[in-house]
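Summary of structural features
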Amino acid sequence: LSLILHVLDQATDVFAAFLFFLEGEIVPAIFTLAFVFLPGFFIFCHELKRICAGKSNIFKALGYLILSPLWAIVIHLYSLFDHRYLESALYYKTLEGFVEASPQFALQLALLFKGTTPKSSQLVLEPLFNEKEDSTVNISALNIFGRIYQPDDQQWFGYVHMLSVVMSFISIFITAIMFNDLQPGRGPKGTIVKVCAGIPYYFSTILFRGVGVALLICFVRYWGGVVTFGLFFMNFLSALAIGDDFKRCCSYAIWSLLVPVGFNRDPSANLGYSKISLFDEQRIELSRETVTDKDIERSKGRVKFFLTAHVLSSLIILGVPLVGTLILVQLQPEIYSARCVFDLNVLNTVFLPVLGLALAFSIVLGRPYHRLECSGGESPSGNWLV
């Protein structure tokens, strides 16, 4: 599942960047492609640290950076036949889900909302929710490697671009469940009830945060980046308050932009992948993290604090600017109607109800998910949110 998701997500994102480039949208193409290689940049930085310790070399680090998408596929294929590579494969999928798919989901949604998309995508979007009478898409034939694609054929390119957005959402969603609930030896044991409670909680949280950030980028442009930094900084302070070091705080702050991550991890646990000797099978058992009663008790406080901070950041840091933006758009429709490809009435009829329900479900489901996450021993103490 991890391998299939990685291939589909990376392939559709690269195809979207290729479409941007062909139609002259250079800046979106650069950002889309940069996010594809962003996980490799994190591995590159990790290898630089190993170089300073004399355990790696610059050529290997550059190989991780340049061939990051292909290298992740190779590690996944190795893990299918040798479980010693499983930890590395899951770590690559974690980076791809949280570091690449999260910003990619918000970026591509914002580009769809703004109309700064391949014209083939506009052919798909226009009949769905565009009520403007003069909203015809002027599209010409496209030459790709010597083959001419007419407008009717280019509509399929639009479906692929839409699929890239869907795959980014699925990648974040599945990675959150795998990282928080399903990986063995990570915090309290995951149960089917806990996973069933986490599915709607993660779904509603990702939907609210991803669509909310995309709308802010669409209408208020650079101020959307300020709000995104506020979400990052709130996550950083939350991780710092529950005992994580600076490196882990930065990682969890980036990973938790759209969905809470790492709240059930022991601060002393290994954050990334661990190299295992090919000849020492006993080290495999020693490298697995064991969970004790003390770890469970400590996890309860971490989970409550981090989930509470995550809900508050959704309400205050993202929710308040989002409501203010929606009000501003309604007060000055003549200015903001040119910044989106859809009719402004869609904000009231579609986006506002969907975001409101998503935020409500995220808040309501936070408390039961917290109790299931902290299962074991006495019932965990909560607060008015969790």
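This is a predicted model, so every value here is computed, not measured. (Residues numbered from 1 in each chain as written. Predicted model: local features only at pLDDT ≥ 70, side-chain atom pairs only at ≥ 80, totals over all residues. Heavy atoms only, no water.)

Take the nonpolar core next. Ranked by internal contacts, the top residues of the largest apolar core, which has 81 residues, are Y202, L215, F219, W255, F342 and L347. Of the domains in this structure, domain 1 (1-131 + 152-178) and domain 2 (183-385) are the two that each give at least three residues to this core. Setting aside residues up to four positions removed in sequence, Y202 forms contacts with F173, A176, I177, N180, D181, V259, P260, F263 and Y369. By size, the runner-up hydrophobic cluster in this structure holds 5 residues, among which are A29, F35, L107 and L111. (Core = buried A, V, L, I, M, F, W, Y, C linked by side-chain atoms within 4.5 Å. Buried < 20%, exposed > 50% of the residue type's maximum accessible area, 1.4 Å probe, protein only. Domains from an automatic or database assignment. Contact = heavy atoms within 4.5 Å.)

Counted as a void, the largest pocket has a volume near 830 Å³. As for the largest pocket, its lining consists of 25 residues, and the residues nearest its centre are F31, F35, L107, I217 and G225. Mapped onto the lining of the largest pocket, the elements with two or more residues apiece are α2 (26-52), α5 (86-114), α8 (192-220) and α9 (222-241). When its residues are assigned to classes, the lining of the largest pocket shows 18 nonpolar, 5 polar and 2 charged. Counting residues domain by domain, the lining of the largest pocket receives three or more from each of domain 1 (1-131 + 152-178) and domain 2 (183-385). (1 Å grid on protein atoms, 1.4 Å probe; cavity = no way out; pocket = protein on both sides within 12 Å on 5 of 7 lines; lining within 4 Å. Points joined across faces, edges and corners; volume = space filled by probe spheres on them. Helix = DSSP H or I, 4+ residues; strand = E, 2+ residues; numbered from the N terminus. Nonpolar A, V, L, I, M, F, W, Y, C, P; charged D, E, K, R; others polar.)

In this section: the packing of aromatic side chains. Overall, the coordinates contain 20 aromatic pairs when judged by the stated rule. These aromatic residues form a ring-pair network of at least three members: F229, F232, F233, F236 and F246. (Phe/Tyr/Trp six-rings, centres within 6.5 Å; stacked < 30°, edge-to-face > 60°.)

Further remarks concern the environment of L326. Among the structural elements, L326 can be located in helix α12 (residues 293-331). By relative accessible area, L326 is classed as buried at 14%. As a C-alpha pair, L326 and N348 span 22 residues in sequence and 8.8 Å in three-dimensional space. Setting aside residues no more than four positions away along its own chain, L326 makes contact with L347 and L352.

Glancing now at the packing of α8 against helix α15 (residues 366-373). Running from N to C, α8 and α15 point in directions that differ by 145°, and their axes come no closer than 9 Å. Note on packing geometry: the crossing formed by α8 with α15 is left-handed. Contact with α8, carried on its side by V193, K194, A197, G198, Y201 and Y202, involves G366, Y369, L372 and E373 of α15 and no other residues of that element. Residues that form the contact of α8 with α15 fall into these classes: 6 nonpolar, 2 polar and 2 charged. (Axes fitted to C-alpha atoms, helices over the stretch in contact; angles between N-to-C directions. Left-handed = near helix turned anticlockwise from the far one by under 90°.)

This part is about the packing of helix α3 (residues 58-66) against helix α4 (residues 68-81). At a minimum axis distance of 5 Å, the contact between α3 and α4 shows a crossing angle of 95°. By the angle class used here, α3 and α4 are roughly perpendicular. Packed against α3, whose contacting residues are G63, Y64, L65 and I66, the element α4 presents S68, P69 and W71 at the interface. When its residues are assigned to classes, the contact of α3 with α4 shows 5 nonpolar, 2 polar and no charged. (Parallel < 35°, antiparallel > 145°, perpendicular 65-115°, else oblique.)

Take α4 next. With 14 residues, α4 extends 21 Å between its outermost C-alpha atoms, agreeing within 8% with the 20 Å of an ideal straight helix rising 1.5 Å per residue. Residues of α4 that are buried include every one of S68, P69, A72, I75, H76 and S79, and no others. Buried residues in α4, looked at end-on, bunch into an arc of 120°, giving them a common side. For α4, the exposed residues set more than 90 degrees away from the buried face come down to L70 and F81. Elements that come into contact with the buried residues of α4 comprise α1 (2-22), α2, α3 and α5. (Expected span 1.5 Å × (residues − 1). Arc of directions from axis to C-beta.)

Of all residues in the chain, 79% attain a pLDDT of 70 or more, and the chain-wide mean is 81. Confidence scores differ between elements of the chain, with helix α11 (residues 282-287) showing the lowest mean pLDDT of 43 and α9 the highest of 92. Across residues 184-188 the pLDDT falls below 50, and counting only partners more than four positions away or on other chains, this stretch makes 13 contacts in the model. In this model residues 275-288 is a low-confidence stretch, pLDDT under 50, and it forms 14 contacts with partners more than four residues away in sequence or in other chains. (pLDDT = per-residue confidence, 0-100.)

On to the pattern of salt bridges, then. Taken as a whole, this structure holds 4 salt bridges when the rule is applied. Residues R84 and D82 are paired through a salt bridge, measuring 2.5 Å at the closest nitrogen-oxygen approach. Considered together, R84 and D82 belong to a single accessibility category, that of buried residues. R248 serves as the salt-bridge partner of D244, at 3.9 Å between the closest nitrogen and oxygen. Of the two residues, D244 and R248, both sit in the buried class. What emerges from the salt-bridge pattern is a single network uniting D244, R248 and R302. (Salt bridge = Lys/Arg side-chain N within 4 Å of Asp/Glu carboxyl O.)

Turning to empty space enclosed by the protein, a few remarks are in order. In this approach, a probe sized like a water molecule rolls over the atoms, and the result shows the empty space that is left. Taken as a whole and judged by the stated rule, the model has 2 cavities of 30 Å³ or more. In this structure, the second largest cavity is lined by H6, Q10, V36, P39, S68, P69, A72, Y92 and E96. Residue contributions to the lining of the second largest cavity peak at 3 residues, all from α4.

So, about the side chain of T308. When you line up the elements, T308 lands in helix α12. Residue T308 is classed as buried on the basis of its relative accessible area of 13%. Discounting residues that sit within four places of it in the chain, T308 has contacts with N383, L385 and V386.

Moving on: the UniProt feature "transmembrane region" (unreviewed entry) in the chain. What UniProt calls "transmembrane region" (unreviewed entry) maps, in this numbering, to residues 26-46, 58-81, 156-179, 191-216, 222-242, 305-329 and 349-366. Taken end to end, residues 26-46 is 100% helix and 0% strand, and its two terminal C-alpha atoms sit 30 Å from one another. A helix fraction of 94% and a strand fraction of 0% characterise residues 349-366, whose end C-alpha atoms lie 27 Å from each other. (UniProt positions renumbered as here; feature names shortened; annotations may be inferred.)

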